[in-house]
Amino acid sequence: MHLVLSGRKDPLLPLALLRVRRELIELRAEDLRFTPQEAATFLNQVMGLDLSREDLASLEQLTEGWIAGLQLAALSMQSVDDIPAFVRSFGGEHRYVFDYLAHEVLNHLESSERSFLVQTSILDRMSAAVCDAVTGRQDSQEILQELEHANLFLVPLDHQRHWFRYHHLFGDFLKAQLEQEQEPERINRLHQRASRWFEAQGFLFEAVEHALQAQDFDLAAELIDRVAMQAFRHSELITLLAWLQDLPIAYFSQHARLNMVAAWANLATGHSEVVDGYLQNVERLISAKADGSEQSKALPAEVRGILGEITCIRSSLAFNRFELKTVPLLASQAREYLDGQSEGGLFNNREDLLSVVFFNLGLAHEFGGEVLEASDAFRQTIRLSEENIHLLPMATSHLAQLQVIRGQLRQAEKTYRQALRKSEELGRISPMAGMAHTGLGSLLVEWNQLESAARLLERGVDLGRRWSQWEILMTGYFGLVRIAMAQGRVESAFELLQTLEELAGKLEMPIVEGPIQAVRTLWQARSGDLEPARRWVQACGIDAQAGIPYLQEPDALILARVWIALQNDAEAMALIDRLLESTQAGERWGRVVELRIYQALVWKARDDVEAALGALESAFQLAEPEGYIRLFLDEGQPMLGLLDRAAQRNIAPGYVSRLLESFAKSGAPAQSISAPARQPSSGSIRQSAYSQDPLSDRELEVLRLVARGMTNQEIADELFISLNTVKSHVKNIYARLQVRNRAEAISVAKEMEIL
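The text that follows walks through the structure, step by step, so that each part is easy to find. Predicted, not measured: the structure shown is a model, and the values here were computed from it. (Residues numbered from 1 in each chain as written. Predicted model: local features only at pLDDT ≥ 70, side-chain atom pairs only at ≥ 80, totals over all residues. Heavy atoms only, no water.)

### Structural notes on the side chain of asparagine 712
Right, so step 1: Locating asparagine 712 in the fold gives a position in helix α40 (residues 712–719).
Right, so step 2: Taking the relative accessible area as the measure of exposure, asparagine 712 reaches 9% and is therefore buried.
Right, so step 3: There is a polar contact of 2.7 Å between the side chain of asparagine 712 and the side chain of arginine 742.
Right, so step 4: Excluding residues within four positions of it along the chain, asparagine 712 makes contact with Glu491, Leu723, Val726, Lys727, Val730 and Arg742. (Helix = DSSP H or I, 4+ residues; strand = E, 2+ residues; numbered from the N terminus. Buried < 20%, exposed > 50% of the residue type's maximum accessible area, 1.4 Å probe, protein only. Polar contact = N/O pair within 3.5 Å; in protein donor to acceptor, adjacent residues only side chain to side chain. Contact = heavy atoms within 4.5 Å.)

### Looking at helix α4 (residues 53–63)
Right, so step 1: Taken as a whole, α4 has its buried residues at Asp55, Leu56, Leu59, Glu60 and Thr63. All buried residues of α4 project into a common sector of 130° when viewed along the axis, lining one side. Along α4, exposed side chains directed more than 90 degrees from the buried face belong to Arg53, Glu54 and Gln61.
Right, so step 2: Buried positions along α4 lie against α3 (36–46), α5 (67–77), α6 (83–89) and α11 (168–181).
Right, so step 3: One or two residues past the end of α4 sits glutamate 64, with phi positive at roughly 55°. (Arc of directions from axis to C-beta.)

### Thoughts on the packing of aromatic side chains
Right, so step 1: Taken as a whole and assessed by the stated rule, the structure comprises 19 aromatic pairs.
Right, so step 2: Here the aromatic rings of tyrosine 166 and phenylalanine 170 are separated by 5.9 Å at their centres, their planes lie at 80°, and the arrangement is edge-to-face. As far as the burial class goes, tyrosine 166 and phenylalanine 170 line up, both buried.
Right, so step 3: Three or more aromatic residues joined by ring pairs form one cluster here, namely Trp163, Trp197, Phe198 and Phe203.
Right, so step 4: Here the basic side chain of arginine 125 rests over the ring of tryptophan 163, its NZ or CZ set 4.0 Å away from the ring centre.
Right, so step 5: In this structure, arginine 125 is placed above the aromatic ring of phenylalanine 203, and the distance from its NZ or CZ to the ring centre is 4.6 Å. (Phe/Tyr/Trp six-rings, centres within 6.5 Å; stacked < 30°, edge-to-face > 60°. Lys NZ or Arg CZ within 6 Å of the ring centre and 35° of its normal.)

### Things to note about the pattern of salt bridges
Right, so step 1: Under the criterion given, the structure shown has 34 salt bridges.
Right, so step 2: The salt bridge involving arginine 314 is made with glutamate 283; its shortest N-O contact spans 3.0 Å. A residue pair is termed long-range when its members are at least 10 positions apart, and arginine 314 in helix α19 (residues 301–320) and glutamate 283 in helix α17 (residues 275–286) qualify at 31 residues.
Right, so step 3: Judged by its relative accessible area of 15%, arginine 314 is buried.
Right, so step 4: With its nearest N and O atoms 3.0 Å apart, the salt bridge here joins lysine 297 to glutamate 336. Here the residue lysine 297 occupies a position in helix α18 (residues 294–297), and glutamate 336 occupies one in helix α20 (residues 326–338), the gap between them amounting to 39 residues.
Right, so step 5: Overall, glutamate 336 belongs to the partly exposed group, its relative accessible area being 41%.
Right, so step 6: When salt bridges with common partners are traced through the structure, they connect Arg196, Glu199, Glu222 and Arg226 into a single cluster. (Salt bridge = Lys/Arg side-chain N within 4 Å of Asp/Glu carboxyl O.)

Printed below as a string of structure tokens:
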């Protein structure tokens, strides 16, 4: 016989003994709640709501899989037009949820339990001790045990069951009940008690939250001051900024240190436009200006330290505005203020401030094209910031980035890995460490280690989003775009660029807009979509006849490649020659490799094979020791033909063999080079295969639309066929032409005179 018991509370049976004897099967709330997939099936298939993935995830998180909660939400949405807005506002205070919980749960409780639930609803997590402090009771442990046994939406947060929280919807419901029953002053007193208890236990983050909710701003300001450094070390700057914004503005006219904290937090999270206002408040409160005057340098050491901190931040602001000549002046001024005193400023010590000063100097040198000077400054920063979880990975990553520009890929890998290792050793991963992830990921893309690269890039992007770090996000997305193109996922590549563009607009990162357009144009040109390239050439603002500033070199490299795609050999070669002159003089050998490759492509287009192979051999001399791969592979069929010729001439045989093998593994038809003189070229192999299995009329039609730059969906709409049919045709085209992506398909089709 099997006895089945169902109920909200545990039955009065020896459950522990039955468990030991294996005579008991229990199905509890965690067993009954819906998984995300089950919730999606219920909401979309059973209730017919057709919710987006984002809305489904939000509802599942809000309800925590509670089936009744999902059903109440679904019933509420039957007559709602704006579903996303409803999902954002859905909670325990919604009338259906409120009525259900009031009728089914709260009304069946004794008054003491009911009062306990309502009063403790202000707590995001609770223990018996904090519940006693908030409610003034002494029996919270017994009540928590009763509530858990009664399965009243109480979620344990540890195995010892010392800490609990309420189910999200139930907690919202209880808070709504509290606001209905109690005056604001009474609710504020509950929060004050909670704040004092958390403060006494050393839980300062929670103490701040409750002090702000209690509107005890004196206490909140004092606690924020105490916890600010911890917030920086634990990468909790978004939380810190939210606290600062909740304080009345009057507090910033009274507390100099609070202004300094706000200045640093806004600077680190990309809100540069408000920083100087806080610094001016500090100057007013200490009755001194950080103007570099002799009078200010003669002030007491304590005041000079504060002026040094202000100047240090202003040097960062100057770089953010790309006032590169101002940065060294302010850096020098900050060092003078900090010289001869040991304490530092209001918020940071002298060593930390000097590390920021050297970092800003490094940035100014880097973006001014002074690569060696920048590297020295970043090394100084690394020396001074051994324990700084934010600055250390940034300085180390910038040093590695310069090593990449200088063509020192293997040294750059060591430097990036040093940054990641040190970040792990410091205990907490800063969002700034995202630069090491995206930098190393981009380097692995060049080495064609695409899976490992993708993991690093995605992790870096996730970290960069947290503090809206444009440099991290841009590097990460560009690396992911390059991977997508390498794998023939052209549409995914352009979708990634669109996502970055939307993110840049949302996060107010206008500095990213120009590079996005340049990279988009590059890949459009490589894919055979030349009209956008012609427009970009006119709008890019690069004067190819004048000297190319260091900051414009990345876009100028793209312009050279676009000229090649547009078959404007004269413009391309003139720009390449000009860039070669400056990059070789600056020892930026990584860019020289790329330029030599472009040079080879131009000579190939002019049918000067000897000159093309000469340029390619120059590229090999720099590229082979450092293991460059994708710079060659990204050029597709034209480069494959040149590598075939290089193999036949026995030029860099080992390296060329590896490149041809990489082409073969990536789906391109690279053949063995063991007897190159007797083997037919890859083009003749492809032509022979195609003559045996040519494209159908429909596939030719699809290919022509691909060459016009149309997406698969646009082709489907144009030809009145399904998207899957288009994908099938494209797949067949790739197979028959022996290519791996759209760019190669267009290039090969033109060479074979199919287009």
